[in-house]
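Chain by chain, the residues run as shown.
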Amino acid sequence: MAKVNPYHTKKSTEVYHVCKGCTVGNNIESENHTGGKGRKRLCSICEQLVRERKC
Ligand SMILES: [Zn+2]
């Protein structure tokens, strides 16, 4: 697991991700994958991974 630069999907979700191992982040199709926070909030799964130092 590793922390990566913030990324999100171009689809209308409300979250961005920072963990390579995030299951939600991993489901983003490559054509919709884009960098940055996109003025969204941090994904709860990423937040938990960071808190548990698994990210
Ligand atoms: Zn995430």
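Just above, that's the structure.
All of these numbers come straight from a predicted model, not from anything done at the bench.

Things to note about the overall build of the protein chain
On a plain count of helices and strands, the protein chain comes out with two helices and four strands. Seen in sequence order, the protein chain has helices and strands lined up from the N terminus as β-β-α-β-β-α. Taken over 55 residues, the protein chain has a buried fraction of 29%.

Looking at the pairing of strand β1 (residues 3-9)
Note: β1 against strand β2 (residues 15-19), two bridges, orientation antiparallel. Along β2, the bridge assignment pairs tyrosine 7 with histidine 17. Between β1 and β2, which pair antiparallel and follow one another directly, the connecting turn spans five residues. By the bridge criterion, three bridges tie β1 to strand β3 (residues 33-35) in an arrangement that is antiparallel. Among the inter-strand pairings, histidine 8 is bridged to a residue of β3, identified as threonine 34.

Quick word on the coordination of the zinc ion
On the protein side, the zinc ion has His17 (ND1), Cys22 (SG), Cys43 (SG) and Cys46 (SG) as donor atoms, found 2.0 to 2.4 Å from it. The coordination sphere of the zinc ion comprises four donor atoms, whose angles at the metal cover 100 to 117°; the geometry is tetrahedral. The motif formed by the donor residues of the zinc ion, counted along the single chain, is H-x4-C-x20-C-x2-C. With cysteine 22 in the loop between β2 and α1 (23-26) and cysteine 43 in the loop between β4 (41-42) and α2 (44-51), this pair connects stretches of sequence that are 21 residues apart. The same class applies to cysteine 22 as to cysteine 43, namely buried.

Thresholds applied
Residues numbered from 1 in each chain as written. Predicted model: local features only at pLDDT ≥ 70, side-chain atom pairs only at ≥ 80, totals over all residues. Heavy atoms only, no water. Helix = DSSP H or I, 4+ residues; strand = E, 2+ residues; numbered from the N terminus. Buried < 20%, exposed > 50% of the residue type's maximum accessible area, 1.4 Å probe, protein only. Pairing = 2+ DSSP bridges. Donors = N, O, S within 2.8 Å, 3.2 Å for Na, K, Ca; no water. Tetrahedral: all angles 85-135°; square planar, octahedral: opposite > 155°, others 65-115°.

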